[in-house]
Each structure stands twice: as structure tokens, then as C-alpha cells.
Amino acid sequence: LVSMLATSAGAQDYAPCPGWNPPDAKDRHHELFISPFTRHWTLSDEHKPVYALGFTQRLPDDRFCGFSLFRNSFGQPSGYIYLGKTWEGFVPSLPKLYGSVSAGVLFGYVDRYEGKVPANNHGFSPGLIPALGYRLTPAVSLELQLLGSAGIMFGTALRF
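What counts, and at which threshold
Residues numbered from 1 in each chain as written. Predicted model: local features only at pLDDT ≥ 70, side-chain atom pairs only at ≥ 80, totals over all residues. Heavy atoms only, no water. Pairing = 2+ DSSP bridges. Helix = DSSP H or I, 4+ residues; strand = E, 2+ residues; numbered from the N terminus. Axes fitted to C-alpha atoms, helices over the stretch in contact; angles between N-to-C directions. 1 Å grid on protein atoms, 1.4 Å probe; cavity = no way out; pocket = protein on both sides within 12 Å on 5 of 7 lines; lining within 4 Å. Points joined across faces, edges and corners; volume = space filled by probe spheres on them. Nonpolar A, V, L, I, M, F, W, Y, C, P; charged D, E, K, R; others polar. Core = buried A, V, L, I, M, F, W, Y, C linked by side-chain atoms within 4.5 Å. Buried < 20%, exposed > 50% of the residue type's maximum accessible area, 1.4 Å probe, protein only. Contact = heavy atoms within 4.5 Å. Polar contact = N/O pair within 3.5 Å; in protein donor to acceptor, adjacent residues only side chain to side chain.

The next thing to look at is the sheet that holds strand 8 (residues 151-159). Sheets are built from strands paired through backbone hydrogen bonds, the pairs being either parallel or antiparallel. Read around the closed barrel, the 8 strands follow the order 1-2-3-4-5-6-7-8; overall the barrel is antiparallel. Each strand of the sheet is rotated relative to its neighbour by a mean of 25°, with strand direction disregarded. For strand 1 (residues 29-40) and strand 2 (residues 52-59), the ladder comprises 7 bridges, and the chain directions are antiparallel. For phenylalanine 33, the partnering residue across the bridge sits in strand 2 and is glycine 54.

Following this line, the structure appears as C-alpha cells:
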């Protein structure tokens, strides 16, 4: 269906991510991000545990795109669709350390919690998430994601 829509819209080479290569590409990587814990900067009785599961497609030049599904701080099902960039080994003495930033669209903060994220419009708002990670192995890393003025998310990324 997506292929038919893209062709009918005049897009000959539809790709779900800019720069995405077909499945037989040699440098194609996927990443699964699992977060069991988020720490809020300010505690509130309204806060509930936040759990996240994300899927990322690695692209050439250390770029990536993907989506994350999570339960937000107020117990609402939420999501984040994003594009981003990673900087591997940016500290020469710590080659396994990396930084990244993603930008995209958050959705899911609705009803009385709509004002909890900036520029929210009926549950949709812009998102920008910087992260710092450490590669334990080429396939496993630990990562901290800064969630603006709300808090920090801890997780594990698994490459395959």
C-alpha cells in the first residue's frame, strides 16, 4: 500500500528513512532500545513508572531513524518517531563512549497532561533527545537519554 501511494504521488524511490538502503545493504544495522527506568528531576505523586521500547534503523554516516513506544510519566501510552545522528568515539581516550541526538515527533500526552510537554497540539509535540552511551561490546551498549527538563532515561541498546 505504501509503495502504491508513493508511486501514485510521483515518488519513485520511497524509503521509510532518508538514506535507507534496501535489505541487502552491507552496512545495515538495527538496534533495539529497552528502558526499564526513568528518573524525574522533580518528583510528583502523579508520576508513574516509565517503560520504553524502541526500534532504530542505522543509516550511512552514523545517522539513524526509528520509533519508540513508551508509557509516559502519567501512565498514558505514547510514542516518538525520530531521525538522528551519532558521534562515535568523540573522546579519544574513551573510544567506546558515544553521543547522539534525535529529533522528531512525540505523541500521547493528552487531556490534562497536554501541557506537560512544550508545543503540544492535541497530543503531538516536537521532541529533541540528546543521549550519551557506552559500548560494552559491538552489539550491546548502555545509554542515558536526557528528557529535557523532565528527567533522564536509562536503557540498553542491542544491535543486530
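Once that is clear, we can look at the layout of surface pockets. Its volume calculated, the largest pocket comes out at about 1,000 Å³. Lining the largest pocket are 47 residues, and of these Leu106, Tyr109, Ile129, Leu147 and Gly148 lie nearest its centre. Mapped onto the lining of the largest pocket, the elements with two or more residues apiece are strand 1, strand 2, strand 3 (63-71), strand 4 (77-88), strand 5 (97-107), strand 6 (124-135), strand 7 (140-147) and strand 8. For the lining of the largest pocket, the element with the most residues is strand 6, which contributes 6 residues. Tallied by class, the residues present in the lining of the largest pocket amount to 23 nonpolar, 19 polar and 5 charged.

Our next topic: the nonpolar core. Ranked by internal contacts, the top residues of the largest apolar core, which has 15 residues, are Phe70, Tyr80, Tyr109 and Met153. Contributing elements (two or more residues each) for this core: strand 3, strand 4 and strand 8. In this structure, phenylalanine 70 is in contact with Tyr51, Ala52, Gln76, Pro77, Ser78, Gly79, Tyr80, Leu106 and Tyr109, ignoring residues within four places of it in sequence.

Inspection of the secondary structure puts glutamate 31 in strand 1. At 3.5 Å, the side chain of glutamate 31 and the side chain of arginine 58 are in polar contact. Among residues more than four places away in sequence, those in contact with glutamate 31 are Gly54, Phe55, Thr56, Arg58, Arg135, Ala157, Leu158, Arg159 and Phe160.

A separate point is unusual backbone geometry. With glycine set apart, most residues show a phi of negative sign, and most peptide bonds adopt trans. Residues other than glycine seldom take positive phi values, yet aspartate 61 does so here, at roughly 60°. When its relative accessible area of 60% is taken as the criterion, aspartate 61 is described as exposed. Despite not being glycine, aspartate 62 has its phi angle at roughly 60°, a positive value. The topology assignment puts aspartate 62 in the loop between strand 2 and strand 3. The partly exposed category is assigned to aspartate 62, whose relative accessible area is 39%.

Below, the discussion takes up the side chain of asparagine 72. When you line up the elements, asparagine 72 lands in the loop between strand 3 and strand 4. With residues up to four places along the chain from it excluded, the contact list for asparagine 72 reads Pro49, Val50, Ser78, Gly108 and Tyr109.

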